[in-house]
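Architecture and fold: a report
Chain by chain, the residues run as shown.
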Amino acid sequence: MKDSGKITKVFPFPGILTTCDGSDAIVWVDTNITQGGCAYPITPTTNMGALYQLAIANGHKNLWGESLQFIEPESEHSSASACEGFALAGGRVTNFTSGQGLVLMKEVLFTISGKRLPAVFHIGARALTSHSLNVHAGHDDVMAVSDSGWGMLFAKNVQDAADLALISRRAAEDSYTPFMNIQDGFLTTHTIETVRLPEKELMEKFTGKPEKKLLNLFNPHSPVMTGVVQNQDSYMKGKIAQRDYYDKVAEILQNAFDEYYQLTGRRYGFVEKYRLDDADYAIVAMGTASETAMASVDWIRENQNIKAGVLNVTSFRPFPKKEIVYALKNTKALSVIERLDIPLAADNPLTAEIKSSFADALINELKDGDSQKISRIPQIYSGVYGLGSRDIRPGHFISIVKNMLEKNKKFFVAGVQHRLSIDEPFDPDIRAEGTFCMRGHSVGGYGSVTTNKVIASLVEEIFNLNVQAYPKYGSEKKGLPTTYYLTVSKDPIRTHSELEHVEFVPINDVNAFLSGSPLWGISEGGMVFIQSSKESPEEVWNDIPEHARKTIIKKNIKVYYLDTVKIAREISTRSDLQQRMQGIVLLGIFLKVTPLKDEAHFTDDALFEGVKHSLMKYFGKKGEKVVDENLQAVKRGYYEVMEVPSSVKTEFKQHSIELTIL
């Protein structure tokens, strides 16, 4: 195809454009290409197992018409053993786990790799329980098993999670080496993003039929002895013989990367370089932080005139020491940031491996045909960030680069106050022009998180825009405060952090004014929606604390209100749905007050036709009545939402001026 005089390559499988989270992406792939799953539920990967089981309950068959199997034994250790047996019998098997669950199965991980069983486990990387329990993102769990002989690939977003599910499967089966496909817990597993899911035809072509690729070591007609006891005369010979397999893994993985690119146009590699060709300073990371760092260095280059770049490490096993040295050798300094902390080690794992790689290169240990001896090692800084999903923001990356420029702390901490912390000078708005952001304040159980997902899906489908919807999950459950975020943009969304620069703030829980600062970061001329049972705008306005009213007037913020609870009760007769349906009313309010509908030149009829389609996606299996009730809730929110007029706010402004004079 020619485009403006240039030849553009057309790829046969560009992907199915949709919205989903990392859990949905994994299940889409694995319910089509595997034959069975063995897993024990553990946050944040429970959804993967639940969705896999749901597919089985609905009669779903894989690409070759086979019914899927699922085993949920009494623990993660047992689930790994079940996977071992499934793979020994020649089956293509999957597992979903994280945190303590992954560490609990470590004993079996060694056995699976030692027997050359090409299973793939999907990990929602999670902080380990150390001084306290945390169910959120951390790389402690995967690093705790990084010595077990498995390949380990890290996704930086939902798209990566879907594609690497296929790439890891292909590499595992071609090399007889098990792989882990890793994504950050909650930050990817539960974040809705615009993605291109692999087509069924692509998955069938890329992975192939299981029985043509896998060995059945439990075939009674061709018996093989496995898992035997070996003493001094035999054990070491078998262990060292494993290297004949492992030495081939890197080349096999590269072939999988290359073929996947030829089929889809989506390029993956051991590492991903971003603006490193002329970089003086580099940030090295794995997972979601890499993409936020990429957006941040764009701002740093444009506004601070510092040549900064990012290296995203996709493959931790096999470790790409040659690729890392080549990518970073010309920098003055680099900062390796890691989502874990091991204080008694010489360095945290990624930093240690990178230092080792540079040491090998300096003494000319990298002797591949195109390698060359380096004469210097860049200054290597090491940092800890994001433990337990602690927010990592553009301001942190600015500080990380500043720390290298000033040759300050060789080991640092980002995101908390500590003697090892680096400064956070400011947190700029690095969003692409025209990006629209929403930060909602609600209560668990009100349906706001589901509404956020529905809004994201609707915006992508109807308005053809990129979306990212992320709930700030907590271990607290129903009835306690919760925050959720939505970003909409014409451009790809690269930041994975809590939103402070927003245009719209819906407040389902008016107590948010007392427990926090819900108007923090709202833009000039922004919008606020307040759930209120009051009927007059004066009453609504008087319920807002004085400090918030001052902010509203100063920033010329529009204030909308409606009793969504009353509407939900009037629509649904089911008490278990009434509380959640008030969140769906918010969808109608969102469509009314935001500029998306007008910018797309949509009529109300066309808009609600799209809304119904999105509601079918989420609630269709619950019946037509539930869909119709939700659609009615959206329409009432759209048509009944009211605005506090400027005259009411002007009266307060005049009163404030008089008090100031007095």
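Procedures and definitions
- Residues numbered from 1 in each chain as written.
- Predicted model: local features only at pLDDT ≥ 70, side-chain atom pairs only at ≥ 80, totals over all residues.
- Heavy atoms only, no water.
- Patch = residues over 30% accessible without salt bridge, like charges linked within 9 Å, V, L, I, M, F, W, Y side chains within 5 Å.
- Areas by Shrake-Rupley, 256 points an atom, 1.4 Å probe, with all protein chains shown as cover.
- Salt bridge = Lys/Arg side-chain N within 4 Å of Asp/Glu carboxyl O.
- Lys, Arg positive; Asp, Glu negative; His and termini not counted.
- Charge placed at Lys NZ, Arg CZ, Asp CG, Glu CD.
- Helix = DSSP H or I, 4+ residues; strand = E, 2+ residues; numbered from the N terminus.
- Buried < 20%, exposed > 50% of the residue type's maximum accessible area, 1.4 Å probe, protein only.
- Domains from an automatic or database assignment.
- Buried area = accessible area lost by both parts, 1.4 Å probe.
- Polar contact = N/O pair within 3.5 Å; in protein donor to acceptor, adjacent residues only side chain to side chain.
- Pairing = 2+ DSSP bridges.
- Axes fitted to C-alpha atoms, helices over the stretch in contact; angles between N-to-C directions.
- Contact = heavy atoms within 4.5 Å.
- Core = buried A, V, L, I, M, F, W, Y, C linked by side-chain atoms within 4.5 Å.
- Expected span 1.5 Å × (residues − 1).
- Arc of directions from axis to C-beta.

**Considerations on a negative patch on the surface**
Side chains of E535, E538, E539 and E651 sit close together on the surface and give a patch of like negative charge. Its place among the elements puts E538 in helix α19 (residues 537-543). On the basis of relative accessibility, which here comes to 41%, the residue E538 falls in the partly exposed class.

**A look at the domain arrangement of the chain**
With domains assigned, the chain is organised as domain 1 (16-264), domain 2 (271-413) and domain 3 (436-655). Inter-centroid distance (C-alpha atoms) of domain 1 to domain 3 is 38 Å. For the domain 1 and domain 3 pair, buried surface summed over both sides reaches about 1,300 Å², with 53% attributable to carbon and sulfur atoms. It is T19, I192 and T194 that lose the most area in domain 1 upon contact with domain 3, and together they represent 37% of the buried surface on that side. Along the contact surface separating domain 1 from domain 3 lie zero salt bridges. At the junction of domain 1 and domain 3, the tally comes to four residue pairs in polar contact (both at pLDDT 80 or more).

**A look at the sheet that holds strand β9 (residues 179-184)**
One open sheet holds the seven strands; their spatial order is β5-β4-β6-β7-β9-β8-β14, and the pairing between them is mixed. Edge positions in the sheet fall to β5 (69-71) and β14 (315-317), since each of these pairs with one other strand and no more. Adjacent strand axes in the sheet meet at a mean angle of 20°, parallel and antiparallel pairs treated alike. Note that strand β6 (residues 93-97) and strand β7 (residues 120-125) share four bridges and pair parallel. What sits directly across from F96, in β7, is H122.

**Quick look at the side chain of S146**
Inspection of the secondary structure assignment puts S146 in the loop between α6 (140-144) and β8 (151-154). Under the relative-accessibility criterion, S146 is labelled buried at 13%. Looking at S146, its side chain comes within polar contact range of the main-chain oxygen of M143, at 3.0 Å. Setting aside anything within four residues of it in sequence, one finds S146 in contact with M152, F316 and R317.

**What to know about the nonpolar core**
Residues F121, M180, V284, L328, L334, L350 and I354 are the most contacted members of the largest nonpolar core, which totals 48 residues. It is helix α3 (residues 76-88) that contributes the most residues to this core, five residues altogether. Each of domain 1 (16-264) and domain 2 (271-413) accounts for three or more of the residues forming this core. Beyond its immediate sequence surroundings of up to four residues, L328 is in contact with L276, A282, V284, L311, L334, F358 and P378.

**Quick word on the pattern of salt bridges**
Note that side chains of opposite charge can pair when their charged atoms are close. According to the stated counting rule, one finds 34 salt bridges in the structure shown. Residue E173 is joined to K213 by a salt bridge in which the shortest nitrogen-to-oxygen separation is 4.0 Å. Highlighted residues: E173 in helix α7 (residues 158-175) and K213 in helix α9 (residues 210-213), separated in sequence by 40 residues. E173 sits in the buried class, given a relative accessible area of 4%. Each of R92, R170, E173, D174, K213 and E259 takes part in a single network of salt bridges with overlapping partners.

**Quick word on the environment of F319**
Considering the arrangement of structural elements, one finds F319 in the loop between β14 and α14 (321-328). Assessed through its relative accessible area of 17%, F319 is described here as buried. With 168 residues separating them along the chain, F319 and G151 place their C-alpha atoms 9.1 Å apart. Those residues in contact with F319 that lie beyond four places of it in its chain are I324, L350, E353, I354 and S357.

**Details of helix α24 (residues 604-619)**
In a regular helix each residue adds 1.5 Å, so 16 residues correspond to 22 Å; α24 covers 22 Å between its end C-alpha atoms and thus fits that length. For α24, the complete set of buried residues consists of L607, F608, G610, V611, S614, L615 and F619. An end-on view of α24 places all buried positions within 155° of arc, on one side of the element. Turned more than 90 degrees from where α24 packs its buried face, D605, E609 and H613 sit exposed.

**Some thoughts on the pairing of strand β15 (residues 333-338)**
Burial of β15 is extensive: six of the six residues sit out of reach of the surface. Here β15 shows two buried faces, one formed by A333, S335 and I337 and the other by L334, V336 and E338. One ladder, built from four bridges, connects strand β12 (residues 281-285) with β15; its direction is parallel. Its bridge partner lying in β15, I283 is registered against S335. Sheet topology note: the β15/strand β16 (residues 379-384) ladder contains six bridges and is parallel.

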